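Okay, here's what each chain looks like letter by letter:
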Amino acid sequence: MDKRQAIGSWLSGPRATAEDMGVDFGYRGEQLGLPQEGPGSVARFGRRFGALAIDWIGCQLIAYGLITGRDTGATGNWTLALFVTLSILTVGTVGFTPGKRILGLRVVSQDGGRLGFGRVVLRTLLLALVIPALVWDRDGRGLHDRLSRAVQVRI
């Protein structure tokens, strides 16, 4: 192996290097028994982030306009409280938040059923901490989904 290949593998990361060596990681969701594409497949990061942004902005507008009387200093805490409440109530009942519904996503148990209330609460509280959502597994699930045994899928 020449130096250019070694530098290229370092820049590409360990997964690319392993794939170059013949390791087959499969597609996202394969280990969970989900399809590769289409309805029921693991949602990609862009859609998940877009749904989160829609929900957060909606909560922020409600907090700013209706709860805090346009007090920007208090809006942040109320936004977080509204976001947690919205997520627990909507994911716990219908399986998606308004943002997820708009972008065609649903949160399900990794075995395909609905999430129980305790798992929805755990998932939401971990999501509110932010860091667990930024740590992904090879299926593209955040740590908050993995610990609550949930997966976000396309509808």
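Everything in this summary refers to the structure shown in the same document. As the structure is a prediction and not an experimental result, all values here were calculated from the model.

Thresholds, definitions, all that
Residues numbered from 1 in each chain as written. Predicted model: local features only at pLDDT ≥ 70, side-chain atom pairs only at ≥ 80, totals over all residues. Heavy atoms only, no water. Helix = DSSP H or I, 4+ residues; strand = E, 2+ residues; numbered from the N terminus. Buried < 20%, exposed > 50% of the residue type's maximum accessible area, 1.4 Å probe, protein only. Contact = heavy atoms within 4.5 Å. Polar contact = N/O pair within 3.5 Å; in protein donor to acceptor, adjacent residues only side chain to side chain. Patch = residues over 30% accessible without salt bridge, like charges linked within 9 Å, V, L, I, M, F, W, Y side chains within 5 Å. Areas by Shrake-Rupley, 256 points an atom, 1.4 Å probe, with all protein chains shown as cover. Salt bridge = Lys/Arg side-chain N within 4 Å of Asp/Glu carboxyl O. Expected span 1.5 Å × (residues − 1). Pairing = 2+ DSSP bridges. Phe/Tyr/Trp six-rings, centres within 6.5 Å; stacked < 30°, edge-to-face > 60°. Core = buried A, V, L, I, M, F, W, Y, C linked by side-chain atoms within 4.5 Å.

**Focus: the overall build of the protein chain**
A tally of regular secondary structure across the protein chain gives eight helices and two strands. Counting from the amino terminus, the protein chain carries its helices and strands in the arrangement α-α-α-α-α-β-α-α-α-β. The buried share among the 155 residues of the protein chain stands at 34%. A sequence separation of at least 24 residues applies to 58% of the contacts in the protein chain between residues at least 6 apart.

**With respect to the environment of Asp-137**
By secondary structure assignment, the location of Asp-137 is in the loop between α7 (131-134) and α8 (143-147). Owing to a relative accessible area of 17%, Asp-137 belongs among the buried residues under this scheme. C-alpha separation for the pair Asp-137 and Arg-28, spaced 109 residues apart in sequence, amounts to 9.5 Å. Reaching out from Asp-137, the side chain makes a polar contact with the backbone nitrogen of Asp-139 at a distance of 3.0 Å.

**Details of a nonpolar patch on the surface**
A surface patch of nonpolar side chains, amounting to about 610 Å² of accessible area, comprises Leu-122, Val-130, Ile-131, Leu-134, Val-135, Leu-143 and Leu-147. Looking at the nonpolar patch, the elements with two or more residues in it are α7 and α8. For Leu-143, the location among the structural elements is in helix α8.

**Re helix α4 (residues 72-93)**
The terminal C-alpha atoms of α4, which comprises 22 residues, lie 31 Å apart, in line with the 32 Å expected from a rise of 1.5 Å per residue. Every buried residue of α4 is accounted for by Thr-75, Thr-79, Phe-83, Val-84, Ser-87, Ile-88, Thr-90 and Val-91. Buried residues belonging to α4 abut α3 (45-67), α5 (98-102), β1 (105-109) and α6 (117-128). The N-cap residue of α4 is Asp-71: its side-chain oxygen and the backbone nitrogen of Gly-73 are 3.2 Å apart. Positive phi shows up at Gly-95, right after α4, with a value of about 90°.

**As for the pairing of strand β2 (residues 150-154)**
Burial runs high along β2: four of the five residues are buried. Bridge count between β1 and β2: five bridges; the pairing is antiparallel. Counterpart to Arg-106 in the pairing with β2 is Val-153.

**Some details on unusual backbone geometry**
The phi angle at Arg-70 is positive, at roughly 65°, despite the residue not being glycine. With respect to the secondary-structure elements, Arg-70 resides in the loop between α3 and α4.

**Re the packing of aromatic side chains**
The tally for this structure, following the rule as stated, stands at three aromatic pairs. Note on Phe-45 and Phe-49: the rings are 5.8 Å apart at their centroids and 25° apart in plane angle, and the pair reads as stacked. In this pair, Phe-45 and Phe-49 are both assigned in helix α3, four residues apart and thus about one turn of the helix distant. When its relative accessible area of 39% is taken as the criterion, Phe-45 is described as partly exposed. With relative accessibility at 49%, the residue Phe-49 sits in the partly exposed group. Each member of the aromatic cluster is reached from another via a ring pair, and the members are Phe-45, Phe-49 and Trp-136.

**Comments concerning the nonpolar core**
Nonpolar side chains tend toward joint burial in soluble globular proteins. Leu-32, Leu-34, Val-42, Val-108, Val-151 and Val-153 together form the largest nonpolar core, which totals six residues. Setting aside residues no more than four positions away along its own chain, Val-151 makes contact with Leu-32, Leu-34, Val-42, Arg-106, Val-107, Val-108, Ser-109, Gln-110 and Arg-141. Ranked by size, the runner-up nonpolar core spans five residues in total, among them Val-91, Val-107, Leu-115 and Val-120.

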